[in-house]
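Analysis of the macromolecular model
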Amino acid sequence: MATPPKNIDRRAQRTRQVLWQAFLEIMQEKGFTAMSIQEITERANVHRGTFYAHFADKYALLEAILREEFRDLLTSTLPSESQWERKTLHLLIETSLDYFKSMHRQCPPLDIIDPLVKQVTQEELATLLNIWLKKSRRTQIRWRIPVEMVAQLMSWTILGAAIQWSQDTTTMSSEQMAQNVLLMLLEGVTYLAPDALPE
């Protein structure tokens, strides 16, 4: 008799969890570069084949962990019925700023990890913003550029601000920085160069 898919999902989830835990422990002990898949599987008490059934390599495992952590943070911070509105967008920006700063405090920038953190953050932001924009009533108004591009550009703006703010020695709070980014996203430079806009 075949095992129900729900049980398979739970077993797969447990396996991924022990692999994640082993990865994080070894990461703390010796760092990402020095760890091997053999060490991860031994610590997790699973076969190498089991590891490869879930992840292509340790980079894929790291990406999965980063993505899940950022999603969990957004889920726990944003309202359950979050949508495109000023208050929620401000909260999203502030949460992203704090996340990026905490990531840089926890682990120093590495040539391998740092680009992956940036990639995951930007992709997750773009996905969420895209969902919000498509659900918004205002998207019924004709946009001059595709909604997907708006989400991409906004996600890069938030990420760029997070990178700069996390590396800056400024005493500006995340709330104030989020407010600045919010104003930039919602108002842009319209007031600086109104003559640059098409008629």
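Okay, so let's go over this structure. (Residues numbered from 1 in each chain as written. Predicted model: local features only at pLDDT ≥ 70, side-chain atom pairs only at ≥ 80, totals over all residues. Heavy atoms only, no water.)

Applying the stated rule across the entire model yields nine salt bridges. For glutamate 124, the salt bridge is made with arginine 67, and the minimal N-O distance between the two is 2.7 Å. Of this pair, glutamate 124 sits in helix 6 (residues 113-135) while arginine 67 sits in helix 4 (residues 58-77), and the two are 57 residues apart along the sequence. Judged on exposure class, the residue glutamate 124 and its partner arginine 67 are both buried. Its salt-bridge partner being glutamate 124, residue arginine 71 comes within 2.9 Å of it at the nearest N-O pair. Of this pair, arginine 71 sits in helix 4 while glutamate 124 sits in helix 6, and the two are 53 residues apart along the sequence. Judged by relative accessible area, which is 9%, glutamate 124 ranks as buried. Sharing partners across several salt bridges, the network here consists of Glu63, Arg67, Arg71, Glu123 and Glu124. (Salt bridge = Lys/Arg side-chain N within 4 Å of Asp/Glu carboxyl O. Helix = DSSP H or I, 4+ residues; strand = E, 2+ residues; numbered from the N terminus. Buried < 20%, exposed > 50% of the residue type's maximum accessible area, 1.4 Å probe, protein only.)

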